Amino acid sequence: MESRTHPKTAALGVIKAQPPVGAPQAAAAHPTAAPNTAELSHEFRLANGRLARRLRQEKAENELGSGQFSALGVLHVHGPLTLTELSEFERVTPPSMTRTVKCLVDAGLVARTDSTLDGRKIVLSTTDAASEMMTETRKRRDAWLVQRVAQLSPAQRSTLADATLIMKELADS
């Protein structure tokens with residue numbers, strides 16, 4: 001399997017593509033010039049997107065779109081939320097989230113109940129079926145990733161741990 005980098009990045013020689021996990025490691029070849037911020041950002045975005053798409057393939061069998069699955073995941077992790085709170089978590093408009101939630105309710109994955117604090121609000125929560133689906137998906141994704149991370153060297157795992165903290169900071173900014 002051939003590693004690919006963005007043509008501009010490859011031409012500049014600022015970021016070296018890593019071989020696929022499990023591929024024989026060549027002698028350590030580190031770029032002599034540090035990547036500039038724009039190129040690093042670009043390569044990071046591409047790699048993060050590819051990993052996210054690959055992990056999304058490891059899910060319980062369902063017909064949910066990525067937005068629906070993401071909203072369901074937020075409810076599963078954070079517990080019952082109002083539509084506004086869920087919209088804020090997902091960074092989408094309430095009308096868009098209303099459509100998403102309607103599909104989830106129709107599929108029997110989300111339940112609506114009246115708020116005990118404010119009778120004008122509806123609280124959204126996952127059903128047992130949704131919890132089972134999310135647990136199964138988490139197991140599949142974790143198992144897939146654990147197999148790949150286990151093949152990394154101790155130094156790579158340490159770097160990944162550091163990068164994970166940085167990614168969390170970026171996501172929360």
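In what follows, the structure referred to is the one given above.
Rules and cut-offs
Residue positions are given per chain, counting from 1 as you read along its sequence in written order. Confidence filtering applies because this is a predicted model: local features only for residues at pLDDT of at least 70, side-chain atom pairs given and counted only at 80 or more, and all residues used for totals across whole chains, interfaces and linings. Calculated side-chain values reflect all of the structure's heavy atoms, with hydrogen atoms and water omitted. Note on pairing: DSSP must find at least two bridges between two strands before they are called paired. Counting from the N terminus, the helices are the DSSP runs of H or I reaching at least four residues and the strands are the DSSP runs of E reaching at least two. In what follows, residue pairs with any heavy atoms lying within 4.5 Å of each other are defined as contacts. Axis lines are fitted to C-alpha atoms, over the contacting stretch for helices. Their N-to-C directions set the angle, which ranges from 0 to 180 degrees. Between buried and exposed lies partly exposed: a residue is buried under 20% and exposed over 50% of the maximum accessible area for its type, with that area taken using a 1.4 Å probe on protein chains only. Patch membership is restricted to residues that have no salt bridge and whose relative accessible area is over 30%. Joining uses 9 Å for like charges and 5 Å for the nonpolar side chains Val, Leu, Ile, Met, Phe, Trp and Tyr. Per-residue and other accessible areas follow the Shrake-Rupley method at a 1.4 Å probe size, with only the shown protein chains counted as cover for residues. Any Lys or Arg side-chain nitrogen found within 4 Å of a carboxyl oxygen on Asp or Glu counts as a salt bridge. Buried Ala, Val, Leu, Ile, Met, Phe, Trp, Tyr and Cys residues that are joined via side-chain atoms within 4.5 Å together make up what is termed a nonpolar core. In a helix, the anticipated span is given by 1.5 Å times the number of residues less one. Directions drawn from the helix axis to the C-beta atoms are what define this arc.

S.K.: Explain the sheet that holds strand E1 (residues 81-82) residue by residue, including any values.
M.R.: The strand order across the open sheet formed by 3 strands is E1-E3-E2, and the pairing between neighbours is antiparallel. Each end of this open sheet is capped by a strand with a single partner; those strands are E1 and strand E2 (110-114). Across 5 bridges, the pairing between E2 and strand E3 (residues 122-126) is antiparallel. Note that in E3 the partner of Ala111 across the bridge is Ser125. Strands in contact with helix H5 (residues 94-106) are E2 and E3; relative to E2, the strand with the most contacts, it is inclined by about 105 degrees.

S.K.: Tell me about unusual backbone geometry, and please be specific about residues and values.
M.R.: Although it is not a glycine, Arg91 sits at a positive phi angle of roughly 60 degrees. Looking at the element boundaries, Arg91 is found in the loop between helix H4 (83-90) and H5. You can call Arg91 exposed: its relative accessible area is 64%.

S.K.: Before we move on, could you go through a nonpolar patch on the surface and cite the residues and values that matter?
M.R.: Together, Phe44, Ile166, Met167 and Leu170 line one region of the surface with nonpolar side chains, adding up to about 350 Å² of accessible area. When residues in the nonpolar patch are grouped by element, the largest group, 3 residues, is from helix H7 (residues 154-172).

S.K.: Got a sec to walk through the nonpolar core? Specific residues and values, please.
M.R.: Grouped together as the largest cluster of nonpolar side chains are 17 residues, with contacts concentrated most on Leu64, Leu72, Leu86, Leu104 and Leu109. Of all the secondary structure elements, the ones that give two or more residues to this core are helix H3 (66-78), H5 and helix H6 (128-150). Per-element accounting of this core gives the leading share, 5 residues, to H3. The residues touching Leu72, leaving out its near neighbours within four places in the chain, are Leu64, Leu104, Leu109, Val110, Thr126, Ala130, Met133 and Met134.

S.K.: An account of the pairing of E3 is requested, with residue identities and associated values reported.
M.R.: The sheet contact formed by E1 and E3 spans 2 bridges and is antiparallel. Its bridge partner being in E3, Leu81 is matched across the sheet by Leu124.

S.K.: Just give me the short version of H5, but keep the residues and values in it.
M.R.: In a regular helix each residue adds 1.5 Å, so 13 residues correspond to 18 Å; H5 covers 18 Å between its end C-alpha atoms and thus fits that length. Among the residues of H5, those classed as buried are Met97, Thr100, Val101 and Leu104. Axial view of H5: buried residues confined to an arc of 100 degrees, hence all on one face. Residues of H5 that are exposed and angled more than 90 degrees away from the buried face: Pro95, Arg99 and Asp106. Looking at the packing, one finds that the buried side of H5 touches H3, H4, E2 and E3. Where H5 ends, the next residue or the one after it, Gly108, has phi of about 80 degrees, a positive value.

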